[in-house]
Amino acid sequence: MSGTLDPPGDATVAWLRALAERELSAEEFAAALAVPISSEERAAVLELVEWFGRRYPTPAERLAYVRRAYRRWTRAVPSRAASP
Amino acid sequence: MQGSEFDEVEFFRAIERSGARALLIGRRALVVLGLPVLTADYDFWVHIDDIALLNTAAEPFGLLPTRSPEEARARGRYVLENDEHVDVLVARSVPTVDAGRVVFEEIWTRRRAVTLAVGVNLALPSLEDLIATKRIAPRPKDLEDIRLLEALRSKEQP
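Remember, it's a predicted structure, so these values are computed and weren't measured experimentally. (Residues numbered from 1 in each chain as written. Chains lettered and ligands numbered in written order. Predicted model: local features only at pLDDT ≥ 70, side-chain atom pairs only at ≥ 80, totals over all residues.)

Caption draft 1: View of the overall build of chain B. Of regular secondary structure, chain B possesses seven helices and nine strands. For chain B, the C-alpha radius of gyration of 15 Å lies close to 15 Å, the compact-globule estimate for 158 residues. Dimensions of chain B along its principal axes, counting C-alpha atoms only, are 45 × 35 × 30 Å. By residue count, 39% of the 158 residues in chain B fall in the buried class. By sequence separation, contacts in chain B at least 24 residues apart represent 51% of the contacts at least 6 residues apart. (Helix = DSSP H or I, 4+ residues; strand = E, 2+ residues; numbered from the N terminus. Rg over C-alpha atoms; globule rule 2.2 N^0.38 Å. Buried ≥ 20, exposed ≤ 12 C-beta atoms within 10 Å, placed from the backbone. Contact = placed C-beta atoms within 7 Å.)

Written out as structure tokens, the structure is:
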């Protein structure tokens, strides 16, 4: 499956990074935080927390899971260096 | 030691044994608290006088500092790195986006110890203080993390 995925170009990577890392203004930040967390959003988060805690009951297991998941995630996106 | 062989529990054990006042912040702190988020790096906030202790603890893992302790104190940040990446915040206090300040000594006093393995504890800010650290660099993902932490807080304080 990963073989069918074209690696993103340098410009795309840079654009995505800039988007993710940009600092919001105080006004943007306040406006976003002023939106209350809905009961649905809260329930969805707590459902994930419940699953995560049940599947990985200890902090060490949760940290180890994240290392595995991150490796899996980075392997799924082929690097440009490895592409033909 | 290469990052692929990186022993996370031993890394935290070394930090604890070093005596460095180092708080785990960032997304890995969220993971410890039970929130399933992905991250590539580790984020610590270390006491301004404990940089050398932290560096000494990290050295056996092949993690090398990008700045001397003096430079790190002057710039407020440095990185411990090999193919692992550890961002280290070094400051007595840091301003937040809403004109507040997060003070290391205060959040260190309120820290919570989390047991990682027998004889291995790591230091986390309180939930409230972790939310405050997310107001330091107000990026979209920090907003997302605050909402996750607020939802978690509603569970702890119904």
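Caption draft 2: Expanded view of the sheet that holds strand β5 (residues 85-90) of chain B. Residues and elements named next belong to chain B. If you walk across this open sheet you meet the five strands as β1-β2-β5-β4-β3, and the pairing is mixed. Every other strand in the sheet has two partners, leaving β1 (22-25) and β3 (64-65) as the edge strands with one partner each. The strands touched by helix α2 (residues 26-33) within the sheet are β1 and β2 (42-46), with β1 carrying the most contacts at an inclination of about 80°. Each of β1, β2, β3, β4 (77-81) and β5 is contacted by helix α3 (residues 51-58), which is oriented at about 170° to β5, the strand it contacts most. (Pairing = 2+ DSSP bridges. Axes fitted to C-alpha atoms, helices over the stretch in contact; angles between N-to-C directions.)

Caption draft 3: Fine view of the packing of helix α1 (residues 8-18) of chain B against α3(B). Residue and element names in this part refer to chain B. As a packed pair, α1 and α3 sit with axes 9 Å apart at the nearest point and diverge in direction by 145°. Judged by the sense of rotation from one axis to the other, the crossing of α1 with α3 is right-handed. Here Ala14, Ile15 and Ser18 of α1 lie close against α3, whose contacting residues are Leu53, Leu54, Thr56 and Ala57. (Left-handed = near helix turned anticlockwise from the far one by under 90°.)

Caption draft 4: Up close: the interface of chain A and chain B. Tallying the contact residues gives 29 residues for chain A and 30 residues for chain B. Of the residues forming the side of chain A that touches chain B, the biggest block, 10 residues, is contributed by helix α4 (residues 59-76) of chain A. Residues that form the side of chain A that touches chain B fall into these classes: 21 nonpolar, one polar and seven charged. (Nonpolar A, V, L, I, M, F, W, Y, C, P; charged D, E, K, R; others polar.)

Caption draft 5: Seen up close, the nonpolar core. Core analysis: the largest hydrophobic core is formed by 47 residues, its most contacted members being Leu23(B), Leu24(B), Phe44(B), Val46(B), Leu54(B) and Val88(B). Leaving out residues up to four positions away in the same chain, Leu24(B) has contacts with Ala29(B), Val32(B), Phe44(B), Leu122(B), Ala123(B) and Leu124(B). (Core = buried A, V, L, I, M, F, W, Y, C linked by C-beta atoms within 7 Å.)

Caption draft 6: A look at helix α7 (residues 140-156) of chain B. Across its 17 residues, α7(B) extends 25 Å between first and last C-alpha, which sits within 8% of the 24 Å expected from 1.5 Å per residue. Among the residues making up α7(B), those that are buried are Asp142(B), Asp145(B), Ile146(B), Arg147(B), Leu148(B), Leu149(B) and Leu152(B). Tucked inside the fold, the buried residues of α7(B) contact α2 (26-34) and α3 (39-55) of chain A together with α2 and α6 (127-133) of chain B. (Expected span 1.5 Å × (residues − 1).)

Caption draft 7: Here's a closer look at α4(A). Over its 18 residues, α4(A) runs 26 Å from end to end, which matches the ideal 26 Å to within 8%, given 1.5 Å per residue. Along α4(A), the positions that sit buried rather than exposed are Pro59(A), Arg62(A), Leu63(A) and Val66(A). For α4(A), the arc enclosing every buried residue in end-on projection is 100°, short of the 170-degree limit, so these residues lie on one face. Residues Arg68(A), Arg71(A), Arg72(A), Arg75(A) and Ala76(A) are exposed on α4(A) and point more than 90 degrees away from its buried face. Packed against the buried residues of α4(A) are α3 of chain A together with α1, α2 and β8 (112-117) of chain B. (Arc of directions from axis to C-beta.)

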